[in-house]
Each structure stands twice: as C-alpha cells, then as structure tokens.
2 protein chains.
Amino acid sequence: MSQPLHLDISEQLRQRITAGDYLPGAKLPSERQLIAEFQVSRITVRRAIANLVDQGLAIAHQGKGVFVTERRKAVYTLTSPGLFVAEDLQNQGIALTVKTLIFEQVTPPQSVQQLLQLPSAEPTAYLQKKILLMEQVPGCMDITYVLPEIGELLASALQHQMTFPVLERHNIPIERVEAMIECQNADPELSQQLQVPLGHSLLTYHHTAYTTGDRPVLHGASISRGDRFCYAVSLNHAR
Amino acid sequence: MSQPLHLDISEQLRQRITAGDYLPGAKLPSERQLIAEFQVSRITVRRAIANLVDQGLAIAHQGKGVFVTERRKAVYTLTSPGLFVAEDLQNQGIALTVKTLIFEQVTPPQSVQQLLQLPSAEPTAYLQKKILLMEQVPGCMDITYVLPEIGELLASALQHQMTFPVLERHNIPIERVEAMIECQNADPELSQQLQVPLGHSLLTYHHTAYTTGDRPVLHGASISRGDRFCYAVSLNHAR
DNA sequence: AAGTGGTCTAGACCACTGA
DNA sequence: CAGTGGTCTAGACCACTTC
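What you see is a predicted model, and the numbers here were worked out from it, not measured in a lab.

**Thoughts on the packing of helix α1 (residues 5-19) of chain B against helix α3 (residues 42-54) of chain B**
Residue and element names in this part refer to chain B.
So, point 1. Axis separation between α1 and α3 bottoms out at 8 Å; the angle between their running directions is 50°. For the element pair α1 / α3, the angle class is oblique. Note that α1 runs across α3; the crossing there is right-handed. Side by side, α1 and α3 meet where L5, H6, L7, I9, S10, L13, R14 and I17 of the first sit next to T44, R47, A48, N51 and L52 of the second.
So, point 2. The residue makeup of the contact of α1 with α3, split by class, is seven nonpolar, four polar and two charged.

Encoded structure:
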C-alpha cells in the first residue's frame, strides 16, 4: 500500500468534482453506493468523504446526503476606515440582519484594556456580541468592546444597527483603523452560532478604531465563515 | 445521549488545554490511556482527538503522540506596495530561504491573462512556484505569474530572491497593489509541500502589482499556513 | 417505510519513534 | 524492543429526511 485507501478514494472523487462530473450543489453517491463501487468498508468510505469535507469540497447533511460545495465568496472591501466592512455587502445588494446576543457592561480582558487605554482603576467597557445574517444565513459573529461613554450614549442604536455608521452619525469620526486578519477554526460555540462543522475555517478581522486625536474608540473581532467571505485591500504608493 | 460521546471527551480535553493543564508543546495522554480513562472504544477516543486537531488545538505525530499546538503567529505587515510581505519577516529577525519548484514560461489561465492584460494572440508569462522556508520550516507557497519580458530579463535573480526587491533594483517601481485575502484548505499538494495535514487552514494573499502608468507587472498568490501567519493592515482616513 | 448520514463497538495489522 | 498513532474490517444501532 503506497497510499492509504481512503486517500486514494477521496482523490478519485476530488478529480470527478474538479472535472465537473459532480457540479456544485450536486449530491455525491451515498456511502452505500461508494462501498459497492470501491469495494471497501464503510469506515474507509466515510474517511474518504471526511477528506473532501476537510478540503472544503463537500458538505454532509444527515438524512439527505453529501453535496458538492458552492464556491462563491462575498468580498469585504477595506477602504475608508469609517466604513464598516459589512456595509460593503449591502452595497452589493446582500440583505443584512443583525441579531444581538449580548450587550452589557463588562471588565474587558487585559489586552483590550490596553488597546482602548482604559483607566487601570476601573476598567469597564460595553461588550457587544452579534450575529450578522446575510440573506437570513448566519455568516459572521462580531465581538466588539466600545468605550463606556459611547456604549451608554448609543445603547439602543448599537443593538440593531452597524456600529460605525452609528458613531459617525453622533459626530464621532473614525480617523484610523488598525486591523489584523487571521485564520481560525470553529470551536463548539462558533460552530453552533455560524452553523458550520466543528473546526471549520473562519476568517477573523481584528480591528481597533481611533477617532480624532488618535484616541481609541472600540476594539473588536469579526469572525466570518472562511468558505463564504474574503477581504480586498488596495495598497497605493505614497506620493 | 444528549451529546455525542466523542464531543463530550474532546470538550473535557479542550478545557484542560485552555485551563493550562496541558501547556503548548506538551504531550496529551496516549490513545490507550484515554481509552482507560473514559472507558470508551478506541475509535471514539480517536474521534475526540480529531476534534481537537480540527480546532487547531493539537497536532498528532505518528509514533510520538499528540501534542498541544503552539499558538504564536508571525505578522505580515501590508504597508507600501513595493515591499514584499515576506520581507517584513526578515526585519523581524526570521531566517528566510527560497526554494524554487517551478520556473518556466507558460500560457496562464484566462483570469490571469486578463489581469496582466496579455495579448490574446500569444498570451505567455513566466510562472514561478516557490516554497518559502521560515527558520528551515516550510511556511508559505508562492505562485506568481510575471510578464514575459520581465521573466526573461530577471530569470536568474528571480529564482533565488524575493520578487519585489529584484524588480525595484531593475527600475521597475511598484506603484500599486490590489490584494485579496482569503481562507482555503490544504489539498494533497499543499498538504505535502507545507507539511500540514490534509484540509489544514491556509491564509491566501492574492495580489496584482502595477508599475508606472497602471501597467500590471505580476499576479500571484502567497499561500501560508493559517496557524502560523496573519496579516496586519492600517487604514487611514484620506485628508 | 426506506434511505441517508452519525455514533459506537471489538479487534486486527501496519508504520513510525525512541530507548 | 515496546509504545505510539494510522489504517481497515464487519457489524450494530440511532437520528434525520423524504415519500
């Protein structure tokens, strides 16, 4: 055996997918059919399917079957710092709904305290935890800490609207955003909230927003499904 | 059974990891030990471990054991378009080696032909495929298409050095870069080249670089291990 | 009821690692 | 060599979906 059987089988199936034998959205043969076709045990077929799922090529639905994944991604364009990334999607005609999970005053973790330059005596901030639904489907979980003064002022607005536009409307201009983009994998909570399998690839956009005078206003993380979103940036030479 | 056994077990192990009972780099109990501890079959223990691996919390090494992953990431800072992302790492004191896999003239795919504005009559470009080793460990695969004139001119230099500095040195300034960052999962080739398990999360930086007069020069993708790298961006308000 | 994928068992053999 | 994880088998039962 030069190569594991399950890999051999998943590679054959992968080839059929990339060749277009099974189109996006189409159903793959059932486990029973694959057992018959490749003459192997069920556990090996299941492992082969797991390989495809891990590669993001297929998704299993209990009672229905295994389906080839759709491969289109929505683009968050990072442009002006005052434009919340999700706003960009609305311009693309994607229906956006905000579902607030948490909105309360908390003592943020050390790292956030420093970024927001909170007083060490009584370091509090408002924590918002929201799910962003795109076309009724959960696509992003947003966890944001905002300065307490701002949280109090805008409590009602912040719970049902995008954060950045609310700030701009209240004369808190966003001058600069420091951002960091990374990959992470779904833990049980994210897996449940975003309705993806445990370990699913996620794209995380960490951001700290500063208003006039380089004063930090908020710090947050937008965790999106990695199979459905990406970020676009344009870098221009300073002249 | 409200929750699958394997999830129950992986959650208990996860808690021990986050609580610090098992520190990064430490070895988890062996499958045999876990079988004894939780009184379940081997397949269930293996599934529990697979859950941890999928979440990026652990990594298995045959013959050695399962180990808690190290969680530090190197940062690619996206600043001036003329600075190749990887250069940034050298400034951080990380040893960088380039291993060229492919360097040849090819007919690029349709999408690249358009981006590079190649003549439809005879659309050729140089394709470079490189592995970037950080501290002797493969961390990134770079696939770049460059205009044929440039490829010919710089053949020898391009094979062993970073692309952008070579261009700058030959008076081809990079004025603008259009970039896109996304998640993808390791297919068998990437899995082998980057020495990660099949399906491992990867961070991909697609980029098209333009020189004076908005003429495209090259288009490429830098595919990095998602568990070891991230991208930093700074967005400033235009004044 | 029939078909699908999800969970779990007991057991065998193989491949790699390190003392 | 003993200990580790990797592959594979046959078989059972469960949960969900569709008809």
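After that view, the rundown keeps rolling.
**Some details on the sheet that holds strand β5 (residues 125-134) of chain A**
Sheet strands line up and pair through hydrogen bonds in the backbone, either parallel or antiparallel.
So, point 1. Strands sit in the order β4(A)-β5(A)-β6(A)-β9(A)-β8(A)-β7(A)-β10(B)-β3(B) across an open sheet of eight strands; the sheet is mixed. Unpaired on one side and paired on the other, β4 (96-106) of chain A together with β3 (74-78) of chain B mark the two borders of the sheet. If you compare each strand with its neighbour and ignore which way they point, the axes differ by 20° on average.
So, point 2. In terms of strand pairing, strand β7 (residues 176-185) of chain A meets strand β10 (residues 229-236) of chain B through six bridges, oriented antiparallel.

**As for the interface of chain A and chain B**
When the parts come together, some accessible area is lost, and that loss is often what is quoted as the size of the interface.
So, point 1. Chain A puts 43 residues into the contact, and the matching count from chain B is 43 residues.
So, point 2. In total, chain A and chain B occlude about 3600 Å² of area from one another, counting both sides; carbon and sulfur atoms represent 54% of this.
So, point 3. Counting across the interface, chain A meets chain B through two salt bridges.
So, point 4. A salt bridge links K73(B) to E182(A); its shortest N-O distance comes to 2.6 Å.
So, point 5. At the junction of chain A and chain B, the tally comes to 15 residue pairs in polar contact (both at pLDDT 80 or more).
So, point 6. Counting residues per element, the ones that place at least two in the side of chain A that touches chain B are α1 (5-19), α3 (42-54), β7, β8 (201-211) and β10 (229-236) of chain A.

**Looking at the sheet that holds strand β7 (residues 176-185) of chain B**
So, point 1. Pairing within the open sheet is mixed, and its eight strands lie in the order β3(A)-β10(A)-β7(B)-β8(B)-β9(B)-β6(B)-β5(B)-β4(B). Only two strands of the sheet have a single neighbouring strand rather than two, namely β3 (74-78) of chain A together with β4 (96-106) of chain B. Each adjacent strand pair in this sheet contributes to an overall mean axis angle of 20°, direction not counted.

**Describing the pairing of strand β1 (residues 58-61) of chain A**
Residue and element names in this part refer to chain A.
So, point 1. Taken together, the four bridges between β1 and strand β2 (residues 65-68) define a ladder with antiparallel strand orientation. Looking across to β2, one finds that I59 is bridged to F67.
So, point 2. Where β1 folds back on β2, the antiparallel hairpin that results is connected by three residues, among which G63 adopts a positive phi of roughly 80°.

**Here we look at the domain arrangement of chain A**
So, point 1. We note that the domain assignment places domain 1 (5-68) and domain 2 (74-232) within chain A.
So, point 2. Inter-centroid distance (C-alpha atoms) of domain 1 of chain A to domain 2 of chain A is 37 Å.

**Observations concerning the environment of L235(B)**
So, point 1. Counting through the fold element by element, L235(B) comes out in strand β10.
So, point 2. Among the residues examined, L235(B) registers a relative accessible area of 9% and is labelled buried.

**Points about the side chain of H200(A)**
Residue and element names in this part refer to chain A.
So, point 1. Secondary-structure assignment places H200 in the loop between α8 (188-193) and β8.
So, point 2. Residue classification places H200 among the buried positions, given a relative accessible area of 18%.
So, point 3. What H200 contacts, discounting residues up to four positions off in sequence, is Q184, N185, A186 and D227.

**A word on the packing of aromatic side chains**
Residue and element names in this part refer to chain A.
So, point 1. Taken as a whole and assessed by the stated rule, the structure comprises eight aromatic pairs over all chains.
So, point 2. Between Y76 and F229, the aromatic rings sit 5.3 Å apart at their centres with planes inclined by 10°, giving stacked as the arrangement. Here Y76, found in strand β3, pairs with F229, found in strand β10; they are 153 residues apart in sequence, far enough to count as distant.
So, point 3. The buried category is assigned to Y76, whose relative accessible area is 1%.

What counts, and at which threshold
- Every chain's residues receive numbers from 1 upward, in the order its sequence appears when written.
- Naming scheme: in the order in which they are written, chains are lettered from A and ligands are numbered from 1.
- At least 70 in pLDDT is required for a residue's local features to be given in this predicted model, at least 80 for side-chain atom pairs to be given and counted, and no such filter applies to totals for whole chains, interfaces and linings, which use all residues.
- Values reported for side chains reflect all heavy atoms of the structure, with hydrogen atoms and water molecules removed beforehand.
- The angle between two axes is taken between their N-to-C directions and runs from 0 to 180 degrees, where each axis is a line fitted to C-alpha atoms and a helix contributes only its stretch in contact.
- Runs of E in the DSSP output that reach at least two residues are strands. Runs of H or I that reach at least four are helices, and both are numbered from the N terminus.
- We call two directions roughly parallel when the angle between them is under 35 degrees, roughly antiparallel when it is over 145, roughly perpendicular when it lies between 65 and 115, and oblique otherwise.
- Should the near helix be turned counterclockwise from the far one by less than a right angle, the crossing is left-handed, whereas a clockwise turn marks it as right-handed.
- Two residues qualify as a contact provided that any one of their heavy atoms is within 4.5 Å of a heavy atom in the partner residue.
- Polar here means any residue other than Ala, Val, Leu, Ile, Met, Phe, Trp, Tyr, Cys and Pro, which are nonpolar, and Asp, Glu, Lys and Arg, which are charged; Gly is therefore polar.
- Any two strands between which DSSP finds at least two bridges are classified as paired.
- Buried area is calculated as the accessible area (1.4 Å probe) missing from two parts once they are joined, with the contributions of both summed.
- Here, a salt bridge means any side-chain nitrogen of Lys or Arg that lies within 4 Å of a carboxyl oxygen of Asp or Glu.
- Polar contact criterion, stated in full: a pair of N or O atoms within 3.5 Å, where within protein one must be able to donate a hydrogen and the other to accept it, and residues adjacent in sequence count only if both atoms are side-chain atoms.
- These domain limits were set by an automatic method or by a database of domain assignments.
- A simple rule labels every residue: compare its accessible area, found with a 1.4 Å probe on the protein chains alone, to the largest value its type can have, and call it buried under 20%, exposed over 50%, or partly exposed in between.
- Between 30 and 60 degrees the pair is tilted, below 30 it is stacked and above 60 it is edge-to-face, where a pair is any two Phe, Tyr or Trp rings, Trp via its six-membered ring, whose centres lie within 6.5 Å.

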